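Here are the chains, one letter per residue:
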Amino acid sequence: MSAEPMGSWFEDLPIGTVARHAIRRTVTETDNVLFSTMTMNPQPLHLDAQFAASTEFGRPLVNSLFTLALVVGLSVPELTLGTTVANLGFSSIDLPRPVFIGDTIHVVSEVTAARRSSSRHRNGIVEFRHDGYNQDGELVCRAHRAALMLCRPGGG
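Worth saying up front: this structure is predicted, and the values here are computed from it rather than measured.

1. Considering the packing of aromatic side chains
All chains considered together, the criterion is met by one aromatic pair. In this structure, Arg-59 packs its charged tip against the face of Phe-100, placed 3.6 Å from the ring centre.

2. Re the pattern of salt bridges
Per the counting criterion, the structure on display carries seven salt bridges. Close ionic contact of Glu-138 with Arg-97 constitutes a salt bridge, the shortest N to O distance being 3.7 Å. Of this pair, Glu-138 sits in the loop between strand S5 (123-133) and strand S6 (139-150) while Arg-97 sits in the loop between strand S3 (84-94) and strand S4 (104-116), placing them 41 residues apart in sequence. When salt bridges with common partners are traced through the structure, they connect Glu-110, Arg-129, Asp-131 and Arg-142 into a single cluster.

3. Some remarks on helix H4 (residues 64-79)
The terminal C-alpha atoms of H4 lie 23 Å apart, and with 16 residues this matches the ideal 22 Å at 1.5 Å per residue to within 8%. Along H4, the residues classified as buried are Phe-66, Thr-67, Leu-68, Leu-70, Val-71, Val-72, Leu-74, Ser-75 and Leu-79.

4. Brief notes about helix H1 (residues 29-38)
Turn by turn, an α-helix covers 3.6 residues, leaving residues three or four places apart pointing in a common direction. Looking at H1, one finds that the buried residues are Asp-31, Asn-32, Phe-35 and Ser-36. Projected down its long axis, H1 carries its buried residues within an arc of 110°, all on one side. Turned more than 90 degrees from where H1 packs its buried face, Glu-29, Thr-30 and Met-38 sit exposed. Along its buried surface, H1 packs onto strand S2 (25-26), helix H2 (44-47) and H4.

5. A look at the side chain of His-130
Topologically, His-130 is positioned in strand S5. Side chain to side chain, His-130 and Ser-109 meet in a polar contact 2.7 Å long. Setting aside chain neighbours within four positions, we find His-130 in contact with Val-71, Val-72, Ser-75, Leu-79, Val-107, Val-108, Ser-109, Cys-141, Arg-142, Ala-143 and Arg-145.

6. What to know about the pairing of S4
Put simply, side chains in a regular strand alternate between the two faces of the sheet. Here strand S1 (residues 18-20) runs beside S4; their pairing, made up of three bridges, is antiparallel. Looking across to S4, one finds that Val-18 is bridged to Glu-110. Examined bridge by bridge, S2 and S4 share two bridges and lie antiparallel to one another. If you follow Arg-25 over to S4, its bridge partner there is Ile-105. Bridging between S4 and S5 involves ten bridges; their strand directions are antiparallel. Residue pairing for S5: Val-108 is matched across the bridge by Asp-131. Taking the residues that link successive antiparallel strands as the turn, the S4-S5 hairpin has six residues.

What counts and how
Residues numbered from 1 in each chain as written. Predicted model: local features only at pLDDT ≥ 70, side-chain atom pairs only at ≥ 80, totals over all residues. Heavy atoms only, no water. Phe/Tyr/Trp six-rings, centres within 6.5 Å; stacked < 30°, edge-to-face > 60°. Lys NZ or Arg CZ within 6 Å of the ring centre and 35° of its normal. Salt bridge = Lys/Arg side-chain N within 4 Å of Asp/Glu carboxyl O. Helix = DSSP H or I, 4+ residues; strand = E, 2+ residues; numbered from the N terminus. Expected span 1.5 Å × (residues − 1). Buried < 20%, exposed > 50% of the residue type's maximum accessible area, 1.4 Å probe, protein only. Arc of directions from axis to C-beta. Contact = heavy atoms within 4.5 Å. Polar contact = N/O pair within 3.5 Å; in protein donor to acceptor, adjacent residues only side chain to side chain. Pairing = 2+ DSSP bridges.

So, to be careful, I would describe these as geometric facts and stop short of saying anything about function.
Put into structure tokens, the structure is as follows:
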């Protein structure tokens, strides 16, 4: 028995759809250390508190690829959980402010383009803009991505 999809079907995602994602997440030191070490990134700005204290930031920065992954991940329940075929790529990623341990991230997503696939008739291509904000409402990550989405079963 397979899990029932919770995400949105292609037909549910017209251009202009906005999702204010319900789940938020506070970034922990463990998140940052594990992600950095699992991805073989030894950057002392992420892992060495003494080094980071000597920088303009005064403390470790959260690995930006973790920030990106978290921002996209927080969008999954409402948008793509069980209804995506594949992530097709990112056209741009901007990180206008650093994320620090203890920051709480929330995400707002918007559908910026949507079309039926010309080669896969049961799928559509949806382009999303995911905006990640910290607890102070400051934009910390903006990612534009495209996903191959399932069309509603029996929807033609």
